[in-house]
Amino acid sequence: MLPFVRPDLAHFTAYQPHPGDSSSAPQTVDRLDTNENPYDLPDALKQKLNGAGQTLESNRYPDGTHADLKAAIAEYVNESAVLEAAITPDQISVGNGSDELIRSLLIATCVAGAGSILVAKPTFSMYGILAQTLGVPVLSVDRCLSTFEVDLAAAARCLAQGCVRAVFMVHPNSPTGNPLTMAELDWLRSLPDQVLVVIDEAYFEFSQTTVVGELRQRSNWVVLRTFSKAFRLAAHRVGYAIAHPELAAVLEKVRLPYNLPAMTQAAAAIALAHRQELLTIVPMLLAEREKLTQGLEACPVLQVYPSAANFLFVRLNEAIREQGSSDAALEKLFTALRSRGSLVRKISGGLRITVGSPAENLRTLSRLQEILPTLL
Ligand SMILES: *Cc1c(COP(=O)(O)O)cnc(C)c1O
C-alpha cells in the first residue's frame, strides 16, 4: 500500500463491471447482467448523433450550464407525472450518470464526518461503495426475505441514533424489483427535514411510479433518474436529479464544472427529442418480462419474484435453500449459464436477470432448462 494513501482504502477493490465474467465465456454473449436496454439507438438517431459530432467544436469546452438539457428534461418530467406545479429547470441537476449524482449528494450531506447514510439491503451497491470511498459510514437494515419490504422498525432505530443524514431507496429496488410500499413511503414522509431522502427512480419508465409530484412539498427529497436504462444511452453516461431548487443549486456547487461531455449532452438531447419513438420499446420489454416470468416460473426449482422493472430476481426455491447447499448450486447455475452464453448477475443469494430481446430471453430460458435437471 502506498504510504500516502488513506489506510481505509486498502480494503477496497475497483468496481467490476461484469463480476464473474471471464474469457471462458463464448464469443456471443447475451448480456443480461447490467439492466441495460437490449436495443441500440435506431440508425436515424445514430446518424443525427454523428452529425452533432461533426459540427461540435472539439477545441471548446462543452456547455457547463446544461441549460438546454435541463429545460428538455424538465419538459419530459412534467409529462411523466400529474403535477400541481410544473417542475422547472432550476430543479434539475445533471450528472455523468446518476452515479455522479449519488456521489454529489454524499459530498453535500455526509463527508468530513457530517453524517452517515442508511440503506436497506439488498439494494443498489453504489450507495455503499461511493459512501465508503468518501469515508462516509453506511448503516444498513434488512428487508423481508419474501417481499423485500424494508424493516422499518430497524430503520427507525437507526434514525434515532441521530447520525443519519441521508436515506437511499430505489423505487423499484434493484436487485429485487419491488416498488416502495405505502408504508415505506409514509415512513419516508415522516422523516425530519434534517434527513435527505433519495428516491432513485432509475427504472421509472418501466414502473411508471414516481414521487416527483411530492417534491414541491418536500425540500428534503430528491429523485434520481437515468438515461442508461429505458433511454438506451448507457454508453453516454447521463443521469439527473430532480429536487427543490435550493438542493439542485447545492448539487451544482459540488459537481465538476464540465462533468458532461458535449457528445453526451447531444445524445441526451436527441434521445429526449425522440422520446416517443425510443420509449415504444418499454411496453414491448414489459411484455417480454411477462413471458420470461412465465418461463422461469415453469421451473419448479426456481422462485421468481414480481418485478416492476426491466429485470427479474430469482432464487432457488425454499426447499433447496433449507437444505443448505443452495450457494453452491447457485454458483453452478450461474457458471453454467455463462459458459452457454447467458451472462446474468449473481447477487444477494439469487440471480438478477435483465429482460433482453425476445431472442436473448428464449435462449436464456432454454439454457436454464438444460442446466436445471443437472443441478442438484
Ligand atoms: C442503473 C442504475 C442507476 C444508473 O446509473 P447511471 O450511473 O446513470 O448509469 C442508478 N441507480 C440504480 C438503482 C440503477 O440500477
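No experiment lies behind these values; they were computed from the predicted model shown.

Undergrad: Would you take a moment to explain the sheet that holds strand β3 (residues 116-121) for this structure?
TA: Pairing between sheet strands relies on hydrogen bonds along the backbone, with the strands arranged either parallel or antiparallel. Strand order in this open sheet of 7 strands is β2-β8-β7-β6-β5-β3-β4, and the pairing throughout is mixed. Among the strands making up the open sheet, the edge pair consists of β2 (92-95) and β4 (138-142). Each strand axis lies, on average, 25° off the axis of its neighbour in the sheet, ignoring direction. Pairing between strand β5 (residues 164-170) and strand β6 (residues 196-200): 5 bridges, direction parallel.

Undergrad: What is the right way to read the packing of helix α3 (residues 97-109) against helix α4 (residues 126-133) from this model?
TA: How two helices sit against one another is set out by the angle between their axes and by the gap between those axes. For the pair α3 and α4, the least separation of the axes is 10 Å and the interaxial angle reads 50°. By the angle class used here, α3 and α4 are oblique. Where α3 crosses over α4, the handedness of that crossing is right-handed. For the pair α3 and α4, contact is made by Asp-99, Ile-102, Arg-103 and Leu-106 and by Met-126, Tyr-127, Leu-130 and Ala-131, respectively. By residue class, the composition of the contact of α3 with α4 is 6 nonpolar, no polar and 2 charged.

Undergrad: Can you help me understand unusual backbone geometry in this one?
TA: Trans is the common state for peptide bonds, and a negative phi is the common state for residues other than glycine. For the bond running from His-171 to Pro-172, omega is 0°, close enough to zero to count as cis. In this fold, Pro-172 is placed in the loop between β5 and α6 (182-189). With an omega dihedral of 10°, the bond running from Ser-174 to Pro-175 counts as a cis peptide bond. Tracing the sequence through the fold places Pro-175 in the loop between β5 and α6. The phi angle at Asn-35 is positive, at roughly 60°, despite the residue not being glycine. If you trace the backbone, Asn-35 turns up in the loop between β1 (30-31) and α1 (43-55). Positive phi, close to 55°, is recorded for His-66, a residue that is not glycine. For His-66, the position within the fold is in the loop between α1 and α2 (67-79).

Undergrad: For this particular structure, what's the right way to read the sheet that holds strand β9 (residues 302-304)?
TA: Strand order across the open sheet formed by 4 strands is β9-β10-β13-β12, with antiparallel pairing between neighbours. Each edge of the sheet is formed by a strand with only one pairing partner; in this case those strands are β9 and β12 (345-347). Pairwise comparison of adjacent strand axes, ignoring direction, gives a mean angle of 30° for this sheet. Pairing of strand β10 (residues 311-316) with strand β13 (residues 350-354) involves 4 bridges; the strand directions are antiparallel. Among the inter-strand pairings, Val-314 is bridged to a residue of β13, identified as Leu-351. Contacts between helix α13 (residues 326-340) and the sheet are confined to β9, β10, β12 and β13, with β13 contributing the most and set at about 30° to the helix.

Undergrad: Looking at this structure, I do not really get the site of the ligand. What am I missing?
TA: Close contacts around the ligand come from Gly-97, Ser-98, Asp-99, Phe-124, Val-170, Asp-200, Ala-202, Tyr-203, Thr-226, Ser-228, Lys-229 and Arg-237, and that covers them all. With respect to the ligand, the side chain of Tyr-203 contributes an N or O atom lying 2.5 Å from an oxygen atom. A distance of 2.6 Å is found between an oxygen atom of the ligand and a side-chain nitrogen or oxygen belonging to Thr-226. For the ligand, the protein covers 93% of the area, taking 390 Å² as the surface of the free molecule. Ranked by residue count, the leading element in the shell around the ligand is α3, at 3 residues.

Cut-off values and rules
Position numbers for residues start from 1 in each chain and track the written sequence from start to end. Note on the predicted model: pLDDT of at least 70 is required for a residue's local features to be given, and 80 or more for side-chain atom pairs to be given and counted; whole-chain, interface and lining totals, by contrast, use all residues. Hydrogen atoms and water are omitted, and side-chain values are computed over all heavy atoms in the structure. Here a strand pair is declared whenever DSSP counts at least two bridges between the two strands. Numbering goes from the N terminus for both helices and strands, where a helix is a DSSP run of H or I of at least four residues and a strand is a run of E of at least two. In this analysis an axis means a line fitted to C-alpha atoms, helices contributing only their contacting stretch, and an angle means the value between N-to-C directions, from 0 to 180 degrees. Note on angle classes: values under 35 degrees are labelled roughly parallel, values over 145 roughly antiparallel, values of 65 to 115 roughly perpendicular, and the remainder oblique. Put simply, a crossing is left-handed when the front helix is turned counterclockwise from the back one by less than a right angle, and right-handed when it is turned clockwise. Working rule for contacts: check all heavy atoms of both residues, and any pair within 4.5 Å makes them a contact. For this scheme, ten residues count as nonpolar: Ala, Val, Leu, Ile, Met, Phe, Trp, Tyr, Cys and Pro. Four count as charged, namely Asp, Glu, Lys and Arg, and the remainder, Gly too, count as polar. Throughout, the term near means that a residue has one or more heavy atoms lying within 4 Å of the molecule or strand in question. Throughout this description, a polar contact denotes any pair of N or O atoms lying within 3.5 Å of each other; where both atoms belong to protein, one of them has to be capable of donating a hydrogen while the other can accept it, and for residues adjacent in sequence the pair is counted only when both atoms sit in side chains. Using a 1.4 Å probe, the Shrake-Rupley method yields the accessible areas, and only the shown protein chains count as cover for residues.

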